Amino acid sequence: MTRPSRLILVTGTGTEVGKTWVTAALSRRLRAFGIEVAARKPAQSFTPGDTATDAAVLGEATDTPADTVCPPHRWYPVPLAPPMAADTLQLAPILLDDLVAELDWPSDVAIGFVEGAGGLCSPIAHDGDTLSLAQRVRPDLVLLVTEPVLGVVSQVRLAARALTGHEVLVVLNRYDPSDEVHRRSRDWLTAIDALAVLTNHDLADTVDSDAAWRAISGEPPSARNP
Ligand SMILES: C[C@@H]1NC(=O)N[C@@H]1CCCCCC(=O)O
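Residues numbered from 1 in each chain as written. Predicted model: local features only at pLDDT ≥ 70, side-chain atom pairs only at ≥ 80, totals over all residues. Heavy atoms only, no water.

Things to note about the environment of Ala 196
Mapped onto the elements of the fold, Ala 196 is located in strand E10 (residues 196-199). Apart from the residues lying within four places of it in its own chain, the contact partners of Ala 196 are Val 168, Leu 169 and Val 170. (Helix = DSSP H or I, 4+ residues; strand = E, 2+ residues; numbered from the N terminus. Contact = heavy atoms within 4.5 Å.)

Describing the confidence of the model for the chain
Averaged over the chain, the pLDDT score is 93; the fraction of residues at 70 or greater is 96%. Model confidence for the complex is summarised by a pTM of 0.95, with the ipTM given as 0.96. (pLDDT = per-residue confidence, 0-100.)

Structural notes on the side chain of Thr 53
As for its placement among the helices and strands, Thr 53 is situated in the loop between strand E3 (44-45) and helix H2 (54-62). Classification of Thr 53 as buried rests on a relative accessible area of 2%. Apart from the residues within four sequence positions on either side, Thr 53 is in contact with Gln 44, Phe 46 and Trp 75. (Buried < 20%, exposed > 50% of the residue type's maximum accessible area, 1.4 Å probe, protein only.)

Focus: the site of the ligand
Close to the ligand lie Thr 15, Lys 41, Ser 45, Pro 79, Leu 80, Ala 81, Ala 117, Gly 118 and Ser 122, which account for all nearby residues. In the environment of the ligand, a nitrogen atom lies 3.5 Å from a nitrogen or oxygen atom belonging to the backbone of Gly 118. A distance of 2.6 Å is found between an oxygen atom of the ligand and a side-chain nitrogen or oxygen belonging to Ser 122. Here the residues of the shell around the ligand sort into four nonpolar, four polar and one charged. (Near = heavy atom within 4 Å. Polar contact = N/O pair within 3.5 Å; in protein donor to acceptor, adjacent residues only side chain to side chain. Nonpolar A, V, L, I, M, F, W, Y, C, P; charged D, E, K, R; others polar.)

Thoughts on the nonpolar core
Judged by nonpolar contacts, the single largest core of 39 residues is most densely connected at Ile 124, Leu 133 and Val 170. Taken together, the elements giving at least two residues each to this core come down to strand E1 (6-12), helix H4 (82-88), helix H5 (96-101), strand E6 (123-125), helix H6 (130-137), strand E8 (141-146), helix H7 (152-162) and strand E9 (168-172). Element by element, the count of residues in this core is highest for H7, at five residues. In contact with Leu 133, other than residues within four places in its own chain, are Leu 9, Pro 42, Leu 96, Val 100, Val 114 and Ile 124. Core analysis: the second largest hydrophobic core is formed by 27 residues, Phe 33, Ile 35, Ala 55 and Ile 216 among them. (Core = buried A, V, L, I, M, F, W, Y, C linked by side-chain atoms within 4.5 Å.)

Some thoughts on the packing of H7 against helix H8 (residues 180-191)
Packing of H7 against H8 leaves a shortest axis separation of 10 Å and a crossing angle of 30°. One way to sum up the angle between H7 and H8 is to call them roughly parallel. The handedness of the crossing between H7 and H8 is right-handed. Judged by residue contacts, Val 152, Val 153, Val 156 and Arg 157 of H7 engage Ser 185, Trp 188 and Leu 189 from H8. For the contact of H7 with H8, the per-class residue count stands at five nonpolar, one polar and one charged. (Axes fitted to C-alpha atoms, helices over the stretch in contact; angles between N-to-C directions. Parallel < 35°, antiparallel > 145°, perpendicular 65-115°, else oblique. Left-handed = near helix turned anticlockwise from the far one by under 90°.)

Structure, rendered in structure tokens:
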């Protein structure tokens, strides 16, 4: 398998936290800097009739057909975890080995995103979750997307402990600096838990910021080429 120079696995503390939005926003910003970006979704499940699937959104952000982002036989139109959706549809079991083998990358990709399904420990295959996917693909960085609502500290701590050995960047999506829960949770995760934390504002507005640039690209700010 050709591997992107930098492989970033995108997961979350749960479903509907905005993984796809974050990945698409980052992809657009990085591409605006002239960086070759690709995104892959090994399997996706969705409500029947939904055309704005994760693969479609990531494909639009990276100028790639949705069928390339996620192979058509890994589209499961049932809003359940992919292996449960496959069972509902009476399709073959999903095996983690196959999802890994199906990850195909163009040769010139600088940053490749792989987005899981649901949260870190939601089943993506019958024999694995996104945590096992991380153990298989050995990403350079894991983006852990979450929302800074009450309870987020425990969710992030659990996920970060499960991800021991991986480089983790927490992304607080839908962050509102005027909300004390958001502000204090962010400060706690940063100061007490010593986690690397960015918000959607850092990412969407300012991959141009030095901190966000360094975290995502792995390069020093001087390497940025607007
Ligand atoms: C339908 C949605 N498609 C998708 O990719 N994630 C959602 C599924 C989330 C499954 C969560 C299973 C769990 O953790 O309980």
